[in-house]
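Notes for the structure review
As a plain string of letters, each chain reads:
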Amino acid sequence: MSAADTTTTTEVPPPMSVPPPSRPVLPRRKRTFNATPWLLLAPCLLILVLVLGYPLVRLVTLSFQKFGQSQLWGFLPADWIGFDNFTGVLDDGEFWAVVVRTVVFAAGCVIFTMVAGMLIALLLQRVSGWVKTLVNIVLVASWGMPIVVATTVFKWLFDADYGILNALLSKLPGVEMIGHNWFASGPQGLAVIMLLVVWGAVPFVVITLSAGLTQVPAELEEAARLDGAGAWGIFRHVTLPILKPLIVMLTTLSVIWDMGVFPQVFVMRNGHPEPEFQILTTYSYDRAFVVNDYGQGSAIALITVLLLLGVVAVYMRQMLKIGEVE
């Protein structure tokens, strides 16, 4: 008998399965309603309802009524006429001319504001500290200037008889601008008003973009520079993607503000904008308070609100896309 035959195999018992430790069952906490935050927010919510809610409800109500001077003074009751105000507005060719003029005007203001603001913000990153401080003081001062005061200054600058701009341009060889009326035609006059709007909007864009540029990592710019990228390449592939959420926000706000421009046009044209200077805000004002058709004026204002809501919807969609990418 060999040794192999005498060797007995020892059977190893299977490992015992240890049950996982049971988690302690915690008692469910009852959700209690905490009224303290709502009480703290109540004054603010009440003010918002009174300041924004009631005028908006009244605007919607008037847009579906026949409401003129007789209804305003209480001689006749307001009649509900359904969508007649909207039908009258949408069938008017003058209204669509005003819509196109408003869109072109707002687009020009937004484009020039964003381009000028970005250029000035980039320039402020490359100047000395005292120059940067001086420019910021000037920007804040111009931003804080009341619109009526700024409009009055621009009226003097572009005055046909005493305007300093005409006097300066006339000093150029072969140029005679003395007595030139910048508001003789709609395009020239709207260009002046557009310059006024851009001048008032650029400071906010510059200050916001300057703050955003401080968040651009210097390491990324240095790496792009070592890879052979120039100034434009660094701006396009490094700076611009980081600033994209900020640019989207500023562009959307600029569109909303420039679509709602009113005092610049109203004051510049002495309270009576000519037909070639009418935009949606002044057109709605004229229909309501000059023609005394408050129903159609409210309908035009409500259409403007709906257009702006479309802009806000595009903004929210872009911000959600940016959030998904990040």
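Residues numbered from 1 in each chain as written. Predicted model: local features only at pLDDT ≥ 70, side-chain atom pairs only at ≥ 80, totals over all residues. Heavy atoms only, no water.

A word on the overall build of the chain
Check the secondary structure of the chain and you find 14 helices and 2 strands. Out of the 326 residues in the chain, the part that is buried amounts to 32%. A fraction of 63% describes how many contacts in the chain between residues 6 or more apart in sequence connect residues 24 or more apart. Roughly 21,400 Å² of accessible area belongs to the chain as shown, and the carbon and sulfur atoms make up 69% of that amount. (Helix = DSSP H or I, 4+ residues; strand = E, 2+ residues; numbered from the N terminus. Buried < 20%, exposed > 50% of the residue type's maximum accessible area, 1.4 Å probe, protein only. Contact = heavy atoms within 4.5 Å. Areas by Shrake-Rupley, 256 points an atom, 1.4 Å probe, with all protein chains shown as cover.)

Some details on the layout of surface pockets
Approximately 510 Å³ is the volume found for the largest pocket. What lines the largest pocket is a set of 19 residues, and nearest its centre among them are Leu122, Arg126, Leu213, Phe235 and Thr239. For the lining of the largest pocket, the secondary structure elements donating two or more residues are helix 5 (93-124), helix 10 (218-226) and helix 11 (231-259). Tallied by class, the residues present in the lining of the largest pocket amount to 14 nonpolar, 2 polar and 3 charged. Roughly 370 Å³ of volume is contained in the second largest pocket. (1 Å grid on protein atoms, 1.4 Å probe; cavity = no way out; pocket = protein on both sides within 12 Å on 5 of 7 lines; lining within 4 Å. Points joined across faces, edges and corners; volume = space filled by probe spheres on them. Nonpolar A, V, L, I, M, F, W, Y, C, P; charged D, E, K, R; others polar.)

As for a nonpolar patch on the surface
On the surface, a nonpolar cluster with roughly 1,100 Å² of combined accessible area is contributed by Phe33, Trp38, Leu41, Leu45, Leu46, Ile47, Leu48, Leu50, Val51 and Leu52. In this structure, Leu46 sits in helix 2 (residues 36-63). (Patch = residues over 30% accessible without salt bridge, like charges linked within 9 Å, V, L, I, M, F, W, Y side chains within 5 Å. Salt bridge = Lys/Arg side-chain N within 4 Å of Asp/Glu carboxyl O.)

Here we look at helix 11
An α-helical turn contains 3.6 residues, so any two residues separated by three or four positions project in the same direction. Taking 1.5 Å of rise per residue, the 29 residues of helix 11 would be expected to cover 42 Å, yet its terminal C-alpha atoms sit only 34 Å apart, more than 12% below that figure. Approximately 55° is the largest bend angle found in helix 11, and it occurs at Lys244, with the proline Pro245 only one to four residues beyond. (Expected span 1.5 Å × (residues − 1). Bend = angle between axes of the 7 residues up to and from the residue.)

What about the nonpolar core?
Formed by 24 residues in total, the largest nonpolar core has its most connected members in Phe105, Phe183, Ile193 and Met268. At the level of elements, helix 5, helix 7 (147-157), helix 9 (186-213) and helix 12 (263-268) are the ones that each hand at least two residues to this core. The biggest single contributor to this core is helix 9, with 9 residues. Not counting chain neighbours up to four residues away, the residues in contact with Phe105 comprise Leu190, Ile193, Met194, Val197, Asp258 and Val261. (Core = buried A, V, L, I, M, F, W, Y, C linked by side-chain atoms within 4.5 Å.)

A few points about unusual backbone geometry
Positioned with a positive phi, Asn270 is a non-glycine residue whose angle comes to about 60°. With respect to the helices and strands, Asn270 occurs in the loop between helix 12 and helix 13 (280-290). For Asn292, which is not glycine, the phi torsion reads 65° and is therefore positive. Overall, the relative accessible area of 23% leaves Asn292 in the partly exposed class.

Looking at the pattern of salt bridges
Per the counting criterion, the structure on display carries 3 salt bridges. Taking the shortest distance from any N to any O, the salt bridge between Glu222 and Arg225 comes out at 3.0 Å. Taken together, the positions of Glu222 and Arg225, both in helix 10 and 3 residues apart, correspond to about one turn of that helix. By relative accessible area, Arg225 is classed as partly exposed at 43%. The partner of Glu274 in a salt bridge is Arg269, and the shortest N-O contact between them spans 2.8 Å.

Comments concerning the confidence of the model for the chain
Overall, the predicted model of the chain reaches an average pLDDT of 84, with 89% of residues at or above 70. Of all the helices and strands in the chain, helix 1 (residues 3-6) carries the lowest mean pLDDT, 48, while helix 5 carries the highest, 93. (pLDDT = per-residue confidence, 0-100.)

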